[in-house]
Each structure stands twice: as C-alpha cells, then as structure tokens.
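# Overview (structure and organization)
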Amino acid sequence: MLTFERRNKNDLSFHEDEIKLAQKMMDRLRSTLEFLYYLMERKEELSFTMILFSSDDLKLENLIEKWKRQTDILYEIDKVNNIYVLLCQSTDMDGGEKFAEILMSNVRLHGGKSSYCVEAEIKTTLYTIQEIIFTMVEKYIDIRQEKEFNKVFFTRLGKIEYL
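Residues numbered from 1 in each chain as written. Predicted model: local features only at pLDDT ≥ 70, side-chain atom pairs only at ≥ 80, totals over all residues. Heavy atoms only, no water.

## Let's talk about the sheet that holds strand β1 (residues 48-55)
Paired through their backbone hydrogen bonds, the strands of a sheet run either parallel or antiparallel. With mixed pairing, the five strands of this open sheet are ordered in space as β2-β3-β1-β4-β5. Looking at strand neighbours, the two that pair on one side only are β2 (72-78) and β5 (152-154), the edges of this open sheet. Within the sheet, the average angular offset between the axes of one strand and its neighbour, ignoring direction, is 20°. Sheet topology places β1 next to strand β3 (residues 83-89); seven bridges connect them, and they run antiparallel. Looking at the pairing, F53 lines up with Y84 of β3. Packing of helix α1 (residues 16-42) onto the sheet brings it into contact with β1, β2, β3 and β4 (115-122), and relative to β2 it is tilted by some 160°. Lying over the sheet, helix α4 (residues 129-145) contacts β1, β3, β4 and β5, oriented at roughly 150° with respect to β4. (Pairing = 2+ DSSP bridges. Helix = DSSP H or I, 4+ residues; strand = E, 2+ residues; numbered from the N terminus. Axes fitted to C-alpha atoms, helices over the stretch in contact; angles between N-to-C directions. Contact = heavy atoms within 4.5 Å.)

## With respect to the layout of surface pockets
Roughly 200 Å³ of volume is contained in the largest pocket. Forming the walls of the largest pocket are D92, M93, D94, E121, K123, T124, Y127, F154, T155, R156 and L157. Residues of the lining of the largest pocket, tallied by class, amount to four nonpolar, two polar and five charged. (1 Å grid on protein atoms, 1.4 Å probe; cavity = no way out; pocket = protein on both sides within 12 Å on 5 of 7 lines; lining within 4 Å. Points joined across faces, edges and corners; volume = space filled by probe spheres on them. Nonpolar A, V, L, I, M, F, W, Y, C, P; charged D, E, K, R; others polar.)

## Considering the environment of E45
Residue position: E45 is located in the loop between α1 and β1. Looking at E45, the relative accessible area reads 82%, which means it is exposed. Counting along the chain gives 78 residues from E45 to K123, while the straight-line C-alpha distance between them is 7.6 Å. (Buried < 20%, exposed > 50% of the residue type's maximum accessible area, 1.4 Å probe, protein only.)

## Some remarks on the pattern of salt bridges
Applying the stated rule across the entire model yields five salt bridges. Notably, a salt bridge pairs D78 with K24, separated by 3.1 Å at the nearest N-O pair. Within this pair, whereas D78 is found in strand β2, its partner K24 is found in helix α1, the two being separated by 54 residues in sequence. A relative accessible area of 7% places D78 in the buried class. Residues K151 and E148 are paired through a salt bridge, measuring 2.6 Å at the closest nitrogen-oxygen approach. (Salt bridge = Lys/Arg side-chain N within 4 Å of Asp/Glu carboxyl O.)

## Observations regarding the packing of aromatic side chains
On inspection of all chains with the given rule, the structure shows two aromatic pairs. Their ring planes at 25° and their centres at 6.2 Å tell us that F35 and Y38 sit as a pair that is stacked. Within this pair, F35 and its partner Y38 are both found in helix α1, separated by three residues, close to a single helical turn. The exposure class assigned to Y38 is partly exposed, which follows from its relative accessible area of 42%. (Phe/Tyr/Trp six-rings, centres within 6.5 Å; stacked < 30°, edge-to-face > 60°.)

## Topic: the nonpolar core
What tends to happen in soluble globular proteins is that the nonpolar side chains get buried as a cluster. Core analysis: the largest hydrophobic core is formed by 32 residues, its most contacted members being M25, L29, M50, L87, I122 and I133. The set of elements that each furnish at least two residues to this core consists of α1, β1, β2, β3, β4 and α4. Top element by residues in this core is α1. It accounts for ten residues. Excluding anything up to four places from it in sequence, L29 contacts M50, Y75, I77, V85, L87 and I133. Listed in part, the 17 residues of the second largest apolar core include L86, F99, C117 and V152. (Core = buried A, V, L, I, M, F, W, Y, C linked by side-chain atoms within 4.5 Å.)

## What about α4?
The terminal C-alpha atoms of α4 lie 24 Å apart, and with 17 residues this matches the ideal 24 Å at 1.5 Å per residue to within 8%. Burial runs high along α4: twelve of the 17 residues are buried. Residues of α4 that are buried include every one of I129, I132, I133, T135, M136, V137, K139, Y140, I141, D142, I143 and R144, and no others. Looking at the buried positions of α4, the neighbouring elements they touch are α1, β1, β3, β4 and β5. Of the residues trailing α4, K147 is marked for its positive phi of about 55°. (Expected span 1.5 Å × (residues − 1).)

What follows is the structure in structure tokens.
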C-alpha cells in the first residue's frame, strides 16, 4: 500500500513509494507518449487525455479492459497498489471527464468504495513527457494524501492546484 507522508505543497520530501510511482510511470509510458507526440506534430488538432486511476478496495485488472474503447491504451502501472493509466486518443477534457466518471460509477457498482482519479488533456507537445507524468503523479499524491476519493480531478500541465 502506498504511503503518503508529505505534509504541505512546499515540502520537498516525498515518500519512497511516491518516487517509485513516478519512475514506474516513466518506464511504462515514455515510448507511447513519444509516439503520440510524433502523431500530434504530424497532424493538426490532435489531442489525447491521460487518466490516472486507482481503487483501494477493488481489483481493476479485468474490469477496465472491458470498459475501455479499442483506441484507449491501458497500462497497469502498479499491480500491488492497483494503479492504472488510460491514454484516450482523440478525447478532449470533457470526454475524458465523462469517461472517468463512468469508470468510477462502474467501480462503485462492482463494490469499490474509494477510487482516485486524475485527468489531464494533452493538446500540445510544448510540455515534456516528464512534465506530463510528474504533474499527474503530484496531483495523484495530493488527492490520496487528502483522501479525496470518488471524484475526477482535472489537472493542467505545468500547474498543480493543491487541495
């Protein structure tokens, strides 16, 4: 189980599990994000939404695979802590939010009680892949620390809004 010890937004200390979560996401997502960036640079007005999702009390392994579209790319980031990322191609912020809410609804229907969800729309290649991943992880850590479950949190790249 992930441990969250950071006390405020100005505290530079992160728990070992939090750093390892960022590392796992970098390892798993980097090449796919690089390919999506390549496509974005070749085609105008192409964007995608990234959803970081977990549930404390329900195994998501088989469920998310059933709910996602064929164009959505699902990554298991941490099987032990039940953390997944969905890359939803050609999906804007509103579409991503609706899909994330559907995910949380389905999790509750299957007995899940506390799910955590962070979403970001990637519309430009101006941000580095590290900025995308680190922004998502930092927001995820914040909502886990504050126990803000069963809500979809949208985060803007380059800017973290703390609870």
